[in-house]
Amino acid sequence: MADRNPTDRGAESPDSRNAAAEDARTENAVLSFLLSEHPTRLTLGELSLVLNADPRLSDPDDAAKCAVRELVGAGLVHQDGRFLAPSRAALYFERLRED
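Note that the structure is predicted; figures quoted are calculated from it, not measured.

K.L.:
Give me the lowdown on the pattern of salt bridges, citing residues and values where you can.
P.N.:
Counted under the stated rule, the structure contains 4 salt bridges. Among the ionic pairs, R41 bridges to D80, the shortest N-O distance being 3.1 Å. Of this pair, R41 sits in the loop between α1 (14-37) and β1 (42-43) while D80 is found in strand β2 (residues 77-80), placing the two residues 39 residues apart along the sequence. For R41, a relative accessible area of 39% gives the class partly exposed.

Pasting the structure below:
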């Protein structure tokens, strides 16, 4: 008889919460940088260079890829070939925050 979930997928561990918080910080940093550099379009490599300045990241290149993937999926970043830019929605929200 199985009373427990053997994979423990139902409970969040402290490690998974820390990883989620780190991912959110990286996504915020990437989006903030893209917004500050707008209208310049940047490449993933350029974003990785910026993230290399953060000593908390063990793999800045992977962190940049994951952040861009999540931001594109959320509709906050537009990817045109190898170039990245904030989406219209992200730019609109940024204007709302400035007012």
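K.L.:
Can you tell me about the sheet that holds β1, naming the residues and giving the values?
P.N.:
Spatially, β1-β3-β2 is the arrangement adopted by the 3 strands of the open sheet, whose pairing is antiparallel. Strands at the two margins of the open sheet, each flanked by one partner only, are β1 and β2.

K.L.:
Talk me through the packing of helix α2 (residues 44-51) against helix α3 (residues 60-73); I want residue IDs and the actual numbers.
P.N.:
Contact geometry of α2 with α3 gives a least axis separation of 8 Å together with a crossing angle of 125°. Here α3 runs oblique to α2, going by the angle between their axes. Pair α2 / α3 crosses with right-handed handedness. Here L44, L47, S48 and L51 of α2 lie close against α3, whose contacting residues are P60, D61, A63, A64, K65 and V68.

Conventions adopted
- Residues numbered from 1 in each chain as written.
- Predicted model: local features only at pLDDT ≥ 70, side-chain atom pairs only at ≥ 80, totals over all residues.
- Heavy atoms only, no water.
- Salt bridge = Lys/Arg side-chain N within 4 Å of Asp/Glu carboxyl O.
- Helix = DSSP H or I, 4+ residues; strand = E, 2+ residues; numbered from the N terminus.
- Buried < 20%, exposed > 50% of the residue type's maximum accessible area, 1.4 Å probe, protein only.
- Pairing = 2+ DSSP bridges.
- Axes fitted to C-alpha atoms, helices over the stretch in contact; angles between N-to-C directions.
- Parallel < 35°, antiparallel > 145°, perpendicular 65-115°, else oblique.
- Left-handed = near helix turned anticlockwise from the far one by under 90°.
- Contact = heavy atoms within 4.5 Å.

Keep in mind that these numbers describe shape and distance, not what the molecule does.
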